[in-house]
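# Commentary on secondary and tertiary structure
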Amino acid sequence: MPLSFCLLPLPQRRCALAAALCVVVQLFAARLGAQVPAPAAHFGFRIGSDGRLADADGIERYFETVAARSDRVRIVDLGPTTGGRRTLAAIVSAPDNIRNLDQIQAANQRLADPRRLTPDEARRIAAAHPAIVAIGGGIHASEVGATQAAIELLYEMTTSDAAETLDVLRHVVLILIPSFNPDGHRLVVDWYRKMQGTPFEGGPMPWLYHQYAGHDLNRDAFMMNTAESRSRARFFYTEWHPQVLLSMHQMDSSGPRMFVPPVADPIDRNYDPIIWREAALLGGAMALELQRDGRAGVVSNAIYDYYWPGYEDSAPLGHNTVCLLTEVARVRVATPITVTADQLRGVNGPPAGAPQINLPDPWPGGPWTLRDIVDYELSAARGLLHAAAAYRERIVQNFYDMGRRAVEDGQRGGPFAFVIAAGQFDPHATARLEQLLLDGRIELHRALEPFVADGQPFPAGTDIVLLAQPYRAYVKTLLERQDYPARRPAAGGPPERPYDVAGWTLPAQMGVEVRTIARPFDPPRMERLTTARPAAAALGGETKPAFYLIDARGNGGAIAVNRLTAAGAGVSWLRGAVDVEGVTYPAGTLLVADSDVARPIVETIAAEIGLRVSGVRRRPAVAAVPIGTARIALYRPWTDNNDEGWTRWLLDQYEFKFASLADAEVRAGGLRRRYDAIILPSAPAEQLRAGNPDGEMPPEYEGGLGEAGVAALKAFVAAGGTLICLDQAGGLAIADLGLPVRDIAHQAGSDEIFCPGSILRIELDPTAAGAYGMPPQTAGFFAFSSAYEVTKGAEARVRVVARYGQTDLLVSGWLEGEAALAGRPAAVEVTSGAGRVILLGFPVQHRGQSDATFRLLFNALFTAR
């Protein structure tokens, strides 16, 4: 005790002591108040408890609370969701790293572009730079385990003083994303809570867990049609560039308990081989940690492949990020299940329960809970973080080296560049393609002068993708043809299907001409593009016209129709070609009378959509058919139908007005009084008829169209309506409406036709209104889809709008049985009663990717009355 205190009179000593004690109590209370709350204290239950879920709002509040009380955390936002909400992430690291986070981020951005650093500079940065590791989950919102595990992982990383944890914090910057799909998490939790205590607890929802994409939200990574995909790309490709990304999913409950990397074959040969080696290293570390923690049933090198680049955890491979996937056996959302030993299935041949090299400790069966899922995911995350800390310098150095090798490979050529010519058939689709490349951080330049490449002359205005850039692998895999490495487990046996699709070549799917330049050339003077939009078209012809001719080609033409008709401008389709001032306007050109309403819309169409417009004094001497505003309905079943979601997305994007049509309204009949066109999304005929089986959902969501619904659709067509069947839905119309058409592809066996998600050549009838605005040849996506044969004697009732190519049918992917498909009708219009049925035999709007065939659906709607 200080001497000065002892010399004070007793009353003053008592007062000083009381004051000191008060300060100590206040400091202690402040420290207690600043402590990070344990999840159980914050949420009122242990995370992973049976029947209990932390919802999205609660998770956000917890993350914000932890960040406010910990110097190890900073909260950031990836960007908005489709519903306009935030996508939150916690950046977790040692306090010194958090204080210097801006400098770490800047250094990481330099490492991402090897052209900005010498190898010596990169080595100096890598020697001290933390590894950037992103962990997230919940993109499939019914797979709730990762969203719950993220809560406990955040608590552990911000409160533990264990040596291993402190080592991770020093050497790793963790970007922890509790949900890639917070909108969907809200939907799933709300439905689960509503159904608790009923026979439907833990069962499926009667709607998608994303506004548009549903389960396909993790199939949108390179197309970026959804806000979530665009936000994630901007965050990962522009702001942070993680060296490692782990996405946590859930899988079927009857197999292994967990999958960890490495993935199975095949792999995309475009990616740097070190990606796969590093994935095996980090996946092995996860498996090791799981085994140490006594987590049985962990498998690797099985089930899942990374051939396709469209997942949220595969697209970053082309950006030199090591991508990792985990899949944990699911429960009924948060309701436990029991899996007996006889219900378990094996992997890759051996019976369930037999150890194998990639599954050395099989799970014996028994109860399985959400808490088990959380525990498995925490073990895997710890294993990854410990390995990332231990191999930090090599992981960082490899990241730089992969980008450097990509640049060097691009400089050598083979290919050296991709060239996107000006004056494309569909300016709107061309701008869409270029924008998704720019959003994927691909560098795109516009030539300011003519140049020659591979002996071909190109004019000024040509757009160039030089491949001497860090993300060469990404753009290469999007733009080139795929030749899927066909696999058969046994000689002469059935082929092994890809996990997703076999071909996706975007220029073909989108109808954009992209030329590959193999050899190096001297680039012309160029400017770098930062955004893509169609080149403006000038209004030609008369300055004071009586009519406008609009070359309504491509998908921009559909927007033009919808804007004009919505404004009340009179719009017609020309049935034949017209020449104006040496320019030929083809059949399908729009004829619009000049008016105060039409004129500003026409000017905008030319300036913003880039469609050619000419003003004329007289109405052309060619037959014209008025285009009305069809009353459109899209059938929306109570089943999980992604095709319906993508169709809704497409109609919204291209400014169609439509209603959603539920089972009860269809079954009630009287459809022709309310609608001109009804769209059936792709689904097998029996699924459309039957819907959800009894006992799976509340009664109001059971069943499907049923006999009454099918009869109502038949009456709708007979009364003059247009029924549009997408892909598999054609089977219902053929069978139940008695169409004189046979689907030979669905009747064929896999030994006759095998085409698992590939791109095929399509030939169109340019005289058919259903093909207006399209070129004579294009390409369409085909995934075990339809090919038709018209019944003899019924040819007068059937108009073939599109056929599969006569020869050289495969554009990209994998096709067996070309001869059986060649020349077969792919899209037909069938007269039935006073109406018609349009069968679009392949997914013309596939995941919002196949711009080249969108018009087949749009034209079907424009011709409905």
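In the block above lies the structure referred to throughout.
In this text the structure is predicted, and so the values were computed from the model without any measurement.

### Details of the nonpolar core
By size, the foremost hydrophobic cluster in this structure holds 243 residues, and its most contacted members are F63, I135, L564, L590 and I724. For this core, the element with the highest residue contribution is helix α13 (residues 370-390), accounting for twelve residues. If you look at the next biggest cluster of nonpolar residues, it comprises 33 residues, including L739, Y788, V798 and L839.

### Brief notes about the side chain of S314
Mapped onto the secondary structure, S314 falls in the loop between β9 (305-306) and β10 (322-329). A relative accessible area of 0% places S314 in the buried class. In terms of polar contacts, S314 uses its side chain to reach the backbone carbonyl oxygen of W308, at 2.9 Å. Of the polar contacts made by the side chain of S314, one reaches the backbone nitrogen of Y311; its length is 3.0 Å. Every residue in contact with S314, bar those within four places of it in the chain, is listed here: Y271, Y306, W308, P309 and C323.

### Quick look at the packing of aromatic side chains
Scanning the model with the defined rule gives 34 aromatic pairs in all. For the pair F222 and W308, a centre-to-centre distance of 5.8 Å together with 70 degrees between the ring planes defines the contact as edge-to-face. Here the residue F222 occupies a position in the loop between α10 (182-195) and α11 (227-240), and W308 occupies one in the loop between β9 and β10, the gap between them amounting to 86 residues. In this structure F222 comes out as buried when scored by relative accessible area, which is 0%. Measuring from centroid to centroid gives 6.1 Å for Y271 and W276, while their planes differ by 55 degrees, and the two rings are tilted. An identical accessibility class is assigned to Y271 and W276; each is buried. In this arrangement the basic side chain of R257 is found over the ring face of W363, its NZ or CZ atom lying 3.9 Å from the centre.

### With respect to helix α7 (residues 119-128)
For α7, the complete set of buried residues consists of A122, I125 and A126. All buried residues of α7 lie within an arc of 100 degrees about the axis, which places them on one face of the element. Along α7, the residues that are exposed and aim more than 90 degrees away from the buried face are R124 and A128. Each element contacted by the buried residues of α7 is listed here: α6 (101-112) and α14 (392-412).

What counts as what
Residues numbered from 1 in each chain as written. Predicted model: local features only at pLDDT ≥ 70, side-chain atom pairs only at ≥ 80, totals over all residues. Heavy atoms only, no water. Core = buried A, V, L, I, M, F, W, Y, C linked by side-chain atoms within 4.5 Å. Buried < 20%, exposed > 50% of the residue type's maximum accessible area, 1.4 Å probe, protein only. Helix = DSSP H or I, 4+ residues; strand = E, 2+ residues; numbered from the N terminus. Polar contact = N/O pair within 3.5 Å; in protein donor to acceptor, adjacent residues only side chain to side chain. Contact = heavy atoms within 4.5 Å. Phe/Tyr/Trp six-rings, centres within 6.5 Å; stacked < 30°, edge-to-face > 60°. Lys NZ or Arg CZ within 6 Å of the ring centre and 35° of its normal. Arc of directions from axis to C-beta.

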